[in-house]
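Chain by chain, the residues run as shown.
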Amino acid sequence: MQGTGILAALFAALAMVAIVALRYLATSGLFAWLGTRRFPGLHRGLASQIRREIGWSLASAVIYGLPAGIVAWGWQARGWTRIYDDAAAYPLWWMPVSFLLCLFLHDTWFYWTHRWMHAPRVFRAIHAVHHDSRPPTAWAAMSFHPGEALTGAFVIPALVFILPLHSGVVMALLLVMTLMGVSNHMGWEMFPRWLVHGRAGRWLITATHHQLHHDRYRCNYGLYFRFWDRLCGTDKGLGVFPRMEG
């Protein structure tokens, strides 16, 4: 890269860091506000924990934003990726299929790296930071040790080099990743009971399912789907929210 290219890539990386940080603050802030409106006292006594969660999450925003910004610059300036804008470039059915495929691949990576991080040595070294949130709040969505943040920072950037993905699909993936990351930790359930306890809930992860992971640690490792947990015998069902009554 020439000097101007390096500066442009650096600017894109820093801009993406700002976007990821603001996205986190806006989304987590919204769900935290909704939680306290719906369940007064939900965050009572957790002020210092929330400050810690925000600090770790903003550090994670840097780790997530830098590679994403460089990839975004490479897509626009150099054509590095397989992202496309013309919906007619591939069959229309590929858009929903590629979206679901990416969710499955991301979920697979997350399950196995998450399960690995619960090995005692790895847990003490990096993953304990995330589990220091007792109970987790909406602000804990990205509250990771830098080592843990690195395990997730390159998944979506890597996929855009491997699979042809419409730019709208990429945006949808980022939206779902953000919403699920926040809502799974917020300490209350936003989905209706009929979904959580029905057939769909047997395969989809919501806050009720992930809450049990934070209560028991050695179960319910998935991010979007319960497939790997069910297949590997680590699915222990649904949790409860002891602070919901405020």
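Our subject is the structure listed above.
Residues numbered from 1 in each chain as written. Predicted model: local features only at pLDDT ≥ 70, side-chain atom pairs only at ≥ 80, totals over all residues. Heavy atoms only, no water.

Student: Explain the nonpolar core to me, please; I cannot follow it from the model alone.
Tutor: In this structure, Phe 31, Tyr 64, Ala 138, Met 142 and Trp 188 are the most contacted members of the largest nonpolar core, which totals 22 residues. The element that contributes the greatest number of residues to this core is helix H1 (residues 3-38), accounting for five residues. Filtering out sequence-adjacent residues up to four positions away, Met 142 remains in contact with Val 20, Tyr 24, Trp 56, Ser 57, Ser 60 and Ala 61. (Core = buried A, V, L, I, M, F, W, Y, C linked by side-chain atoms within 4.5 Å. Buried < 20%, exposed > 50% of the residue type's maximum accessible area, 1.4 Å probe, protein only. Helix = DSSP H or I, 4+ residues; strand = E, 2+ residues; numbered from the N terminus. Contact = heavy atoms within 4.5 Å.)

Student: Teacher, can you tell me more about the packing of aromatic side chains here?
Tutor: We describe a pair of aromatic rings using the distance from one ring centre to the other and the angle between the two ring planes. Inspection of every chain in the model, using the stated rule, returns 14 aromatic pairs. Both rings, one in Tyr 84 and one in Tyr 90, keep their centres 4.8 Å apart while their planes meet at 45 degrees; by these two values the pair is tilted. Plain terms: the ring middles of Phe 227 and Trp 228 are 5.0 Å apart, the flat faces sit at 75 degrees to each other, and that makes the pair edge-to-face. An aromatic cluster is present here, built from Phe 104, Tyr 111, Trp 112, Tyr 221, Phe 227 and Trp 228 joined pairwise through their rings. Positioned above the aromatic ring of Trp 203 is the side chain of Arg 230, whose terminal nitrogen or guanidinium carbon lies 4.4 Å from the ring centre. (Phe/Tyr/Trp six-rings, centres within 6.5 Å; stacked < 30°, edge-to-face > 60°. Lys NZ or Arg CZ within 6 Å of the ring centre and 35° of its normal.)

Student: Would you mind going over the pattern of salt bridges with me for this structure?
Tutor: Pairing between side chains of opposite charge can happen when their charged atoms approach one another. Tallied over the full model, the rule gives one salt bridge. Here Asp 235 makes a salt bridge to Arg 226, at a shortest N to O gap of 2.7 Å. Grouping residues by exposure puts Asp 235 and Arg 226 together as buried. (Salt bridge = Lys/Arg side-chain N within 4 Å of Asp/Glu carboxyl O.)

Student: Explanation requested: the state of the cysteines in the structure shown.
Tutor: Put plainly, two cysteines are in a disulfide when a covalent bond ties their sulfur atoms together. Enumeration according to the criterion identifies zero disulfides in this entry. Cysteine Cys 219 shares no disulfide, and the gap to the nearest cysteine sulfur, in Cys 232, comes to 13 Å. Owing to a relative accessible area of 1%, Cys 219 belongs among the buried residues under this scheme. (Disulfide = S-S within 2.5 Å.)

Student: What exactly am I supposed to notice about the environment of Thr 206 here?
Tutor: Locating Thr 206 in the fold gives a position in the loop between helix H8 (193-196) and helix H9 (207-216). Sequence separation of Thr 206 and Phe 225 is 19 residues, and the distance between their C-alpha atoms is 8.9 Å. Residues contacting Thr 206, with those up to four places away along its chain left out, are Asn 184, Glu 189, Phe 191 and Val 196.

Student: Looking at this model, I keep getting lost on the packing of H1 against helix H2 (residues 47-78). Mind explaining?
Tutor: The axes of two packed helices give the description: the angle between them and the distance between them. Contact geometry of H1 with H2 gives a least axis separation of 6 Å together with a crossing angle of 135 degrees. One element, H1, and the other, H2, form an angle in the oblique class. The way H1 lies across H2 gives a crossing that is right-handed. Of the residues in the contact of H1 with H2, the class split is 20 nonpolar, four polar and two charged. (Axes fitted to C-alpha atoms, helices over the stretch in contact; angles between N-to-C directions. Parallel < 35°, antiparallel > 145°, perpendicular 65-115°, else oblique. Left-handed = near helix turned anticlockwise from the far one by under 90°. Nonpolar A, V, L, I, M, F, W, Y, C, P; charged D, E, K, R; others polar.)

Student: It is not clear to me how the side chain of Glu 148 should be interpreted in this structure. Could you clarify?
Tutor: Mapped onto the secondary structure, Glu 148 falls in helix H5 (residues 146-153). Here Glu 148 sits buried without a salt bridge, and the closest side chain of opposite charge, Arg 52, lies 12 Å off (N-O distance). Side chain to side chain, Glu 148 and His 127 meet in a polar contact 2.8 Å long. Residues within four places of Glu 148 in sequence aside, it is in contact with Met 117, Ile 126, His 127 and His 130. (Lys, Arg positive; Asp, Glu negative; His and termini not counted. Polar contact = N/O pair within 3.5 Å; in protein donor to acceptor, adjacent residues only side chain to side chain.)

Student: Help me understand a nonpolar patch on the surface in this model?
Tutor: On the surface, a cluster of nonpolar side chains totalling about 590 Å² of accessible area is made up of Leu 101, Phe 104, Leu 105, Trp 203, Leu 204, Phe 227 and Leu 231. When residues of the nonpolar patch are traced back to their parent elements, those giving at least two are helix H3 (94-116) and helix H10 (227-232). If you tally residues by element for the nonpolar patch, the top one is H3, at three residues. Looking at the element boundaries, Trp 203 is found in the loop between H8 and H9. (Patch = residues over 30% accessible without salt bridge, like charges linked within 9 Å, V, L, I, M, F, W, Y side chains within 5 Å. Areas by Shrake-Rupley, 256 points an atom, 1.4 Å probe, with all protein chains shown as cover.)

Student: Help me understand H9, please; the structure alone is not making it clear to me.
Tutor: For an α-helix, 3.6 residues make a turn, and residues three or four places apart therefore share a direction. With eight of its ten residues buried, H9 lies for the most part within the structure. Taken residue by residue, H9 has Ala 207, Thr 208, His 209, His 210, Gln 211, Leu 212, His 213 and His 214 as its buried positions. With its phi angle positive at about 75 degrees, Tyr 217 sits one or two positions after the end of H9.

Student: Whenever I open this one, H2 confuses me. Can you help?
Tutor: End to end, H2 covers 45 Å across 32 residues, agreeing with the expected 46 Å (1.5 Å per residue, within 8%). By the largest-angle criterion, Gly 65 marks the main kink of H2, which is about 25 degrees, and a proline, Pro 67, follows within four residues. After H2 finishes, the residue Gly 79 shows a positive phi value of roughly 65 degrees. (Expected span 1.5 Å × (residues − 1). Bend = angle between axes of the 7 residues up to and from the residue.)

Student: Help me understand unusual backbone geometry in this model?
Tutor: In terms of backbone geometry, most residues other than glycine have negative phi values and most peptide bonds are trans. Put simply, Arg 134 and Pro 135 share a cis peptide bond, and its omega is -5 degrees. Its location among the elements puts Pro 135 in the loop between helix H4 (120-131) and H5. Phi angles above zero are rare outside glycine, and Tyr 217 is one such case at about 75 degrees. Position of Tyr 217 relative to the elements: it lies in the loop between H9 and H10. The backbone of Asn 220 shows a phi angle near 50 degrees, a positive value even though the residue is not glycine. Structurally, Asn 220 is set in the loop between H9 and H10. The exposure class of Asn 220 is buried, given its relative accessible area of 0%.

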